[in-house]
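Observations on the three-dimensional arrangement
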Amino acid sequence: MIDAVVVREVDDPHDPAIEGFGRMQVAAYFAPETLIPARYIPQMLGDGRTGARRNFLVVAVLDGRVVGGTLFHWLADAGTGFSSFLGVERDLRGRGIARRMHDERFSVLDRAAGGRAPGVFIDVVSPTRMPPSELERERAVGTDPGQRRRAFAHLGFRQVDIRYEQPVGGPNGGPVTILDLLYCPRDPADSIPTDLVVATMQAYWSPWLGADNAHYQAEILKSRANGKPQLKLINPD
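Residues numbered from 1 in each chain as written. Predicted model: local features only at pLDDT ≥ 70, side-chain atom pairs only at ≥ 80, totals over all residues. Heavy atoms only, no water.

All right, on to the packing of aromatic side chains then. By the definition in use, this model includes seven aromatic pairs. With a centroid separation of 6.5 Å and an interplanar angle of 85°, the aromatic rings of Y204 and W208 are classed as edge-to-face. Here W208 and Y204 lie together in helix α6 (residues 194-209), a separation of four residues that amounts to about one turn. Residue Y204 is classed as buried on the basis of its relative accessible area, which comes to 10%. (Phe/Tyr/Trp six-rings, centres within 6.5 Å; stacked < 30°, edge-to-face > 60°. Helix = DSSP H or I, 4+ residues; strand = E, 2+ residues; numbered from the N terminus. Buried < 20%, exposed > 50% of the residue type's maximum accessible area, 1.4 Å probe, protein only.)

As structure tokens, this is what we get:
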């Protein structure tokens, strides 16, 4: 059955697979309110084909049904990729679908980069910092934050050794403090330049924080490196 799964890029803003991706990601993730709603994706794909930030969607389809997908971005100002979401339908996990989408994601990023993309970032929740209520939400939908991190580690992601926060979206409009930043280098690496991490997050935050605030938040992130030019990449398990 898995051989019948088709992994493909969605480049038509009117492709019905976008709606299917939206249904899949809501069912697959314990906190769907934190995800980019599918209704915004057609505009993202339509507007994001050129320029400093390019948006892409890759889906896995089985018998006409979207069973997996990844929404991601090429950040030209930083020269890296950032993944907003990667997920697979619960009953089909552990069968190599995520790996196929991850490989296709790099192929798309290579095209956007006009060469070989050096890597891709993603942020994930930390089970040690999740409040009991959020852990219960995970259990209610049959997911495990530790297993999610192990799955990303299997794909090649490593945790960037720095305190990471999303500037908004947390309690009372404050920062989200339960996330870690992961990076999948194209070639094996034990560290990553601090400036690359900072440039990536500034580019990623700019569309929704504005250029000035994104720069300010990126400088806060840089200060947490305590002057280190390189940040360790550690096991995310």
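Right, picking up where we left off after that structure.
Below, the discussion takes up the side chain of T70. Relative to the helices and strands, T70 resides in strand β3 (residues 65-75). Judged by relative accessible area, T70 falls into the buried class, the value being 0%. Within the local environment of T70, its side chain forms a polar contact with the backbone oxygen of F85, the two atoms lying 2.9 Å apart. Not counting chain neighbours up to four residues away, the residues in contact with T70 comprise F21, F56, L57, V58, S83, F85, L86, M101 and R105. (Polar contact = N/O pair within 3.5 Å; in protein donor to acceptor, adjacent residues only side chain to side chain. Contact = heavy atoms within 4.5 Å.)

Considering all chains together, one arrives at 15 salt bridges under this definition. In this structure, R224 engages E165 in a salt bridge whose closest nitrogen and oxygen atoms are separated by 3.5 Å. Placement of R224 in the loop between α7 (211-223) and β9 (230-234) and of E165 in the loop between β6 (158-160) and β7 (179-185) is noted, with a sequence separation of 59 residues between them. What emerges from the salt-bridge pattern is a single network uniting E33, E134 and R137. (Salt bridge = Lys/Arg side-chain N within 4 Å of Asp/Glu carboxyl O.)

Let us now look at the nonpolar core. Soluble globular proteins tend to bury their nonpolar side chains together. Residues F21, L57, V160 and I192 are the most contacted members of the largest nonpolar core, which totals 47 residues. Discounting residues that sit within four places of it in the chain, F21 has contacts with I41, L57, V59, V66, G69, T70, L71 and F85. Counting 27 residues, the second largest nonpolar core, distinct from the first, contains V5, M101, V120 and F152. (Core = buried A, V, L, I, M, F, W, Y, C linked by side-chain atoms within 4.5 Å.)

Below, the discussion takes up the packing of α6 against α7. The packing of two helices is summarised by the inter-axis angle and the distance between the axes. Between α6 and α7, the shortest axis-to-axis distance is 8 Å and the interhelical angle comes to 150°. The pairing of α6 with α7 is recorded here as roughly antiparallel in orientation. Once α6 is placed against α7, the crossing between them reads as right-handed. Taking contact as the criterion, the partners of D195, V197, V198, M201, Q202, W205, S206 and L209 in α6 are, on α7, A211, N213, A214, H215, Q217, A218, L221 and K222. Tallied by class, residues from the contact of α6 with α7 come to nine nonpolar, five polar and two charged. (Axes fitted to C-alpha atoms, helices over the stretch in contact; angles between N-to-C directions. Parallel < 35°, antiparallel > 145°, perpendicular 65-115°, else oblique. Left-handed = near helix turned anticlockwise from the far one by under 90°. Nonpolar A, V, L, I, M, F, W, Y, C, P; charged D, E, K, R; others polar.)

The next point concerns unusual backbone geometry. The phi angle at D63 is positive, at roughly 55°, despite the residue not being glycine. You can see D63 is positioned in the loop between β2 (53-62) and β3. Unusually for a residue other than glycine, N226 sits at a positive phi of about 55°. Following the sequence through the fold, N226 ends up in the loop between α7 and β9. Given a relative accessible area of 66%, N226 falls into the exposed group.

In this section: the sheet that holds strand β4 (residues 80-88). As summarised here, the arrangement of the nine strands in space is β1-β2-β3-β4-β5-β7-β6-β9-β8, forming an open sheet in which the pairing is mixed. Edge positions in the sheet fall to β1 (6-10) and β8 (191-193), since each of these pairs with one other strand and no more. Each neighbouring strand pair of the sheet contributes to a mean axis angle of 30°, computed without reference to strand direction. Sheet topology places β6 next to β7; two bridges connect them, and they run antiparallel. The residue of β7 that forms the bridge with R158 is Y183. Contacts from helix α3 (residues 97-113) reach β1, β2, β3, β4, β5 (119-125) and β7 within the one sheet, and its direction differs from that of β3 by about 35°. (Pairing = 2+ DSSP bridges.)

Take it as geometry only, folks, not as evidence of what the structure does.
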